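The primary structure of each chain is shown beneath.
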Amino acid sequence: MKRALFLPPFDDLADVRVLAGLAAEAELAGWDGVFLWDHVLRPDPPRPVADPWIALAALAMRTERVRLGTMVTPLARRRPQKLAREVATLDHLSGGRVTLGLGLGVDTGRELSGFGEPVIGAAERGDLLDEGLPLLRAMLRGERIDHHGRFFTADGVTLVPAALQRPVPIWMAVRTSNRRPARRAATVDGIFPIELSPTEVGELLGVIADERGGLDRFDVVALASSGFPQAEWEAAGATWWFADLEPGATAVDVRALIHGS
């Protein structure tokens, strides 16, 4: 399995210079990726939060090989056109090293309600993601788009330059093995399981394989914090091992992960 750091850009790690230095250090140590949480607010009490996209641009300037991305970005508090510009720009800056994590999003930290954004149910957030995903992909390809949907509009627009990668890999967050999330995951390039066991992920991959006709070039993330051993995840089909830290982690904590101490 490939190895990546999965870091919350909060508190001490909200210092983008520190994050960029840690990413460079991880690359030299042989790690394969550095991924960041995507949040705008951590309340009760308020704590420092770095914008992940600006942070990833800094990481791209300090590295040459590791993959970079967010896990995960919710379209429920974004617009496809804004996200497409960020992803395409970062993809060019990094030389084609972006992987985009997408998910339904939640309002547990009041990142929707705290700013007057509509708080819709999970089914509607699923509808929003299903509408926005193909729109986002078309924008990343630099296609002319005419779209007038329930959630999004793109009225005869073309976003250029297109992303460098064709396509930019997209990994979908999944919390359940239900048919609808499985069908959605089957249309992208990988999954980011949340609160699922290796056995449950193995069952989900069976459904995804049926939907897409196999799992060729399909990535599966395993979180070190899941409590299940790496070998069990690998047997279930995981292709990436994310060494993750909780909010409050410091640069010292990250260096301990990087160097295995």
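Here the structure is shown first, and the text comes after it.
How each quantity is defined
- Residues numbered from 1 in each chain as written.
- Predicted model: local features only at pLDDT ≥ 70, side-chain atom pairs only at ≥ 80, totals over all residues.
- Heavy atoms only, no water.
- Helix = DSSP H or I, 4+ residues; strand = E, 2+ residues; numbered from the N terminus.
- Contact = heavy atoms within 4.5 Å.
- Phe/Tyr/Trp six-rings, centres within 6.5 Å; stacked < 30°, edge-to-face > 60°.
- Buried < 20%, exposed > 50% of the residue type's maximum accessible area, 1.4 Å probe, protein only.
- Core = buried A, V, L, I, M, F, W, Y, C linked by side-chain atoms within 4.5 Å.
- Axes fitted to C-alpha atoms, helices over the stretch in contact; angles between N-to-C directions.
- Parallel < 35°, antiparallel > 145°, perpendicular 65-115°, else oblique.
- Left-handed = near helix turned anticlockwise from the far one by under 90°.
- Nonpolar A, V, L, I, M, F, W, Y, C, P; charged D, E, K, R; others polar.
- Pairing = 2+ DSSP bridges.

A few words now on the environment of Ala173. Among the secondary structure elements, Ala173 is positioned in strand S7 (residues 170-174). Sequence spacing of Ala173 and Gly105 is 68 residues, and the spatial spacing of their C-alpha atoms is 9.3 Å. What Ala173 contacts, discounting residues up to four positions off in sequence, is Val72, Leu102, Gly103, Phe192 and Ile194.

Now for the packing of aromatic side chains. We describe a pair of aromatic rings using the distance from one ring centre to the other and the angle between the two ring planes. In the structure shown here, the tally under the stated rule is 13 aromatic pairs. For the pair Phe35 and Phe242, a centre-to-centre distance of 4.9 Å together with 25 degrees between the ring planes defines the contact as stacked. In this pair, Phe35 sits in strand S2 (residues 33-36) while Phe242 sits in strand S10 (residues 240-244), placing the two residues 207 residues apart along the sequence. We note that Phe35, like Phe242, is buried. Ring centres of Phe192 and Phe242 lie 6.2 Å apart, and the angle between their planes is 50 degrees; this geometry places the pair in the tilted category. Of this pair, Phe192 sits in strand S8 (residues 190-193) while Phe242 sits in strand S10, placing them 50 residues apart in sequence. This pair shows no difference in class: Phe192 is buried, exactly as Phe242 is.

Counting residues in hydrophobic clusters, the biggest one holds 51 residues, and the most contacted among them are Leu7 and Leu102. Element by element, the count of residues in this core is highest for helix H4 (residues 122-140), at 8 residues. Apart from residues no more than four positions distant in its own chain, Leu102 is found in contact with Val72, Thr73, Leu75, Leu83, Leu129, Leu133, Leu136, Ile170, Trp171, Met172 and Ala173.

Once that is clear, we can look at the packing of helix H1 (residues 16-28) against helix H2 (residues 52-62). The geometry of H1 relative to H2 is characterised by a closest axis approach of 8 Å and an angle of 40 degrees between their N-to-C directions. When the axes of H1 and H2 are compared, the pair comes out oblique. When the axes of H1 and H2 are compared, the crossing they make is right-handed. Judged by residue contacts, Val16, Leu19, Ala20, Gly21, Ala23 and Ala24 of H1 engage Ala55, Ala58, Leu59 and Arg62 from H2. Classifying every residue of the contact of H1 with H2 by side-chain character gives 8 nonpolar, 1 polar and 1 charged.

Our focus in this paragraph is the sheet that holds strand S4 (residues 98-103). The 8 strands are arranged S1-S2-S3-S4-S7-S8-S9-S10 in a closed barrel whose pairing can be described as parallel. In this sheet, neighbouring strand axes are inclined to one another by 25 degrees on average, regardless of whether the strands run parallel or antiparallel. Direction of pairing for S8 relative to strand S9 (residues 219-223): parallel, over a ladder of 2 bridges. Counterpart to Gly190 in the pairing with S9 is Asp219. Helix H6 (residues 198-212) rests against S7, S8 and S9 of the sheet, and its axis sits at about 155 degrees to S8.

Here helix H5 (residues 179-186) has its buried residues at Pro181, Ala182, Arg184, Ala185 and Ala186. On its buried face, H5 sits against H4, S7, S8 and H6.

Our next topic: the packing of helix H3 (residues 80-94) against H4. Where H3 meets H4, the closest approach of the two axes is 9 Å, and the angle between their N-to-C directions is 40 degrees. Taken together, the axes of H3 and H4 lie oblique to each other. The way H3 lies across H4 gives a crossing that is right-handed. Contacts between H3 and H4 involve Pro80, Gln81, Leu83, Ala84, Val87 and Ala88 from the former and Gly132, Leu135, Leu136, Met139 and Leu140 from the latter. Tallied by class, residues from the contact of H3 with H4 come to 9 nonpolar, 2 polar and no charged.

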